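Per-entry structural report
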Amino acid sequence: MTFFFRHKFFTLLFILFIWYWFYNPANRIGLARKGIVVYNRFPIFLFDLYINPDGKMVLLEDLNKEQSDGYWYKTHFTAKSSENKRTTFIVGTGFDSTEFVLNYNLVQKIQAQNILVKQMPSPEAIKQYNNMRDSLNSVSILLKIK
């Protein structure tokens, strides 16, 4: 016990590590603020984020660029719907306001694959994503972080 009193810095680091570990659960989004999101205990900043229905994380450069929404759809989007279980695709539009919205044609393509598309502010999108992951629903998310 005296070790903890003598080495206060290491004790503080240990407590912060334990807090970080439990506040940011595995396969969920934990800490989320404009500019930084922690997914699967891994901090993400300077990028936007797409998480497919299997939980695989893909970092995206900037969703506000014209070509980027079509790019991530062509290269990374995973359609995973079956007749009895419908996949939900959540789009986080930004933390402050609506900074990013999928264009109408892309939403129509995604809905044609029997995937429900929901666009909402990023804090609400994160809450809904975590709740759907907890209930074992098939869900993916595209998140505007920066």
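Cut-offs applied
Residues numbered from 1 in each chain as written. Predicted model: local features only at pLDDT ≥ 70, side-chain atom pairs only at ≥ 80, totals over all residues. Heavy atoms only, no water. Buried < 20%, exposed > 50% of the residue type's maximum accessible area, 1.4 Å probe, protein only. Helix = DSSP H or I, 4+ residues; strand = E, 2+ residues; numbered from the N terminus. Pairing = 2+ DSSP bridges. Phe/Tyr/Trp six-rings, centres within 6.5 Å; stacked < 30°, edge-to-face > 60°. Axes fitted to C-alpha atoms, helices over the stretch in contact; angles between N-to-C directions. Contact = heavy atoms within 4.5 Å.

**Observations regarding the pairing of strand β4 (residues 48-51)**
The two faces of a sheet get side chains in turn, since along a regular strand they alternate between them. Both faces of β4 are covered, namely the face carrying Asp48 and Tyr50 and the face carrying Leu49 and Ile51. Bridge count between β4 and strand β5 (residues 57-60): four bridges; the pairing is antiparallel. Bridged to Ile51 within β5 is Met57. Following β4, the chain reverses through five residues before pairing antiparallel with β5; Gly55 in that reversal takes a positive phi of roughly 95°.

**With respect to the packing of aromatic side chains**
One pass over the full model with this rule turns up six aromatic pairs. Here the aromatic residues Tyr50, Tyr73, Phe77 and Phe89 are joined through ring pairs into a cluster of three or more.

**Side note on the sheet that holds β4**
With mixed pairing, five strands are arranged side by side in an open sheet as β5-β4-β8-β6-β7. Since the sheet does not close on itself, it has two edges, and those belong to β5 and β7 (115-120), each with one partner. Averaged over all pairs of adjacent strands, the angle between their axes in this sheet comes to 20°, without regard to strand direction. In terms of strand pairing, strand β6 (residues 87-92) meets strand β8 (residues 139-143) through five bridges, oriented parallel. Pairing of Ile90 across the sheet is with Ile141, part of β8. Most of the contacts of helix α4 (residues 104-111) go to β7, to which it runs at about 145°, and overall it touches β6 and β7. Contacts from helix α5 (residues 122-134) reach β4, β6, β7 and β8, with the element oriented near 160° to β8.

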